[in-house]
Amino acid sequence: MFDKDTYIRRRAELKKLVGKGVIILFGNNESPANYPANAYSPMRQDSSFLYFFGQHRDGLVGVIDIDIDEEWLLGDDIDVEDIVWMGYTPSVADLAAEVGVTKTAPMAKLKEIVNCQLSNCQLMHFLPPYRFDTKIQIMDLLGIHPSQQKEKASLDLIKAVVKMRSTKEQQEIEAIERACNVGYTMHTTAQKLIAPGVTERYIGGQVDGIARSLAQGVSFATIFTQHGEIMHGSPSDSPLEAGRLALCDAGCELDDYCSDNTRTMPVSGRFTQKQLEIYRIVEECHDYVLEVAKPGVKYADVHFAVCRRMTERLKELGLMKGDVDEAVRAGAHAMFLPHGLGHMMGMDVHDMEGLGQIYVGFDEETRPNLEQFGTNCLRMGRRLQEGFVVTDEPGIYFIPALIDEWKASGHCKDFLNFDLLETYKDFGGIRIEDDLLITKDGCRFLGEKRIPYHPEELGS
């Protein structure tokens, strides 16, 4: 939690941006794992509620009436029976005072407040819900069926929240730096453990344990796999095999902010020549972003600059052919890079994705291309601004099913060497990822120490 003035200032700015009406920000409730008393732990608060109201306790709702300049924190104080099991918890009034809110009430009063505001024909602003209990709460309060709530969510509120949360304050940047420092320990531990015979699950568990020990936990489900060609490969019981590659994509949450890094390591401790050739291309593309990403540049343009560089290098290996610009326009590079270069990051690892990617990663000037394979997975395309935090995560993957499909259909056959691609079907995939802060004149990676990724640092 930041100081009280931070939340007062944020809510004041939010009121200016939205203009009129009533804003309802729902905190999260406990989420049962398999029966009511056995909840997922620790509880994860809604990020936008945290951003404006700062409190982690479950069962809270924030109400901001812009028209009469009134703010409420609603929730039920816990009783003695809860204290027996959970220990002391501050009252809702105490929680409110910590973030500069003067009005509080039990949750039962929320319906009364909303009904009063609706009777005065005030606009009701809420964000797109993603939890079923919140959807039911909105239906009870506003009479909007869950199937309609996404389209009925307030566009004015979405745009205001995106505007504010996109540009990170100095204290937010410092929090992300701290998370990145834990990420360093997570990844260097994985690198030390990688060896033939060790299981994916064991290393993934060690990585998760560090996140739980040194931070609030992981920022997303850890990816640790020898099948790097699978974008979200969960750790399995498979032992690591000599000669293969192991990909670790992991991050933590600390002080409510995230880290997100990826490293790819040779299980045997040294890359084969074939692996090193591909790895060097990914390494070059990853570092190239530092040269081209800066305020005023569209991240879509950075993405395609990386795609052109990747295509040039793959041509040199004989895996691609033809004119580089034509190949990229045709989407031939997506055979190897089927995702975007990166995404916004902050309180959420895919920051604000639940508000709608078209508002977070795009704007009126920069629109997504949803028709072309690969480009349709670009999460971030808009112009960069000082204070943005985005991921830089190029990769090269050899996906057998995709190779077979494109070869059978002849898709992009003028730009791909399918005969040579056949010999890479057992290769796997490589990704290198770091978190990038857009600065006044350019950009820099976050974290005090860089997780080793240059081949000479990895024993090759």
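This write-up is about the structure you can find in this document. (Residues numbered from 1 in each chain as written. Predicted model: local features only at pLDDT ≥ 70, side-chain atom pairs only at ≥ 80, totals over all residues. Heavy atoms only, no water.)

## Re the overall build of the protein
So the rule is basically this: Labels follow the DSSP assignment, with helices taken as runs of H or I lasting at least four residues and strands as runs of E lasting at least two, numbered in each case from the N terminus. Atoms counted for the radius of gyration: C-alpha only. Globule rule: 2.2 Å times residue count to the power 0.38. For the exposure calls, accessible area comes from a 1.4 Å probe over protein chains only, and a residue counts as buried if that area is under 20% of its type's maximum, exposed if over 50%, partly exposed in between. By definition, residues are in contact when any of their heavy atoms lie within 4.5 Å. Here the Shrake-Rupley method, with its probe set to 1.4 Å, supplies the accessible areas, and only the displayed protein chains count as covering residues. When charges are counted, neither His nor the chain ends are considered; positive counts come from Lys and Arg and negative counts from Asp and Glu. Just so you know, the charge point we use is NZ for Lys, CZ for Arg, CG for Asp and CD for Glu.
Across its full length, the protein holds 16 helices and 18 strands. Radius of gyration (C-alpha) of the protein: 24 Å, near the 23 Å computed for a compact globule of 460 residues. Expressed along its principal axes, the backbone C-alpha trace of the protein runs to roughly 70 × 50 × 40 Å. With 460 residues in all, the protein has 53% of them scored as buried. Looking at the protein alone, contacts between residues at least 24 apart form 74% of all its contacts between residues at least 6 apart. Summed over all atoms, the accessible surface of the protein reaches about 19900 Å², with 51% contributed by carbon and sulfur. Positive and negative side-chain charges in the protein, numbering 49 and 71 respectively, have mean positions lying 3 Å apart.

## A look at the packing of aromatic side chains
As a reminder of what qualifies: Put simply, two rings from Phe, Tyr or Trp (the six-membered ring, in Trp's case) pair if the centres are within 6.5 Å, and we call them stacked under 30 degrees between planes, edge-to-face over 60, tilted for the rest. Lysine and arginine charges are scored as sitting over a ring when NZ or CZ, respectively, is within 6 Å of the ring centre and within 35 degrees of the ring normal.
Counted by the stated rule, this structure contains 9 aromatic pairs. Between the aromatic rings of Phe271 and Tyr279, the centroid separation amounts to 4.6 Å while the plane-to-plane angle is 40 degrees, which identifies the pairing as tilted. Owing to a relative accessible area of 10%, Phe271 belongs among the buried residues under this scheme. Here Tyr279 falls in the buried class, since its relative accessible area comes to 0%. Chaining the aromatic ring pairs together yields one cluster made of Phe336, Phe398, Tyr424 and Phe427. Sitting over the face of the ring of Tyr424, Lys274 holds its NZ or CZ atom 4.1 Å from the ring centroid.

## Here's the deal with the side chain of Thr375
Note that Thr375 resides in the loop between α14 (357-360) and β14 (389-392). When neighbours within four sequence positions are excluded, Thr375 is seen to be in contact with Phe304 and Asn369.

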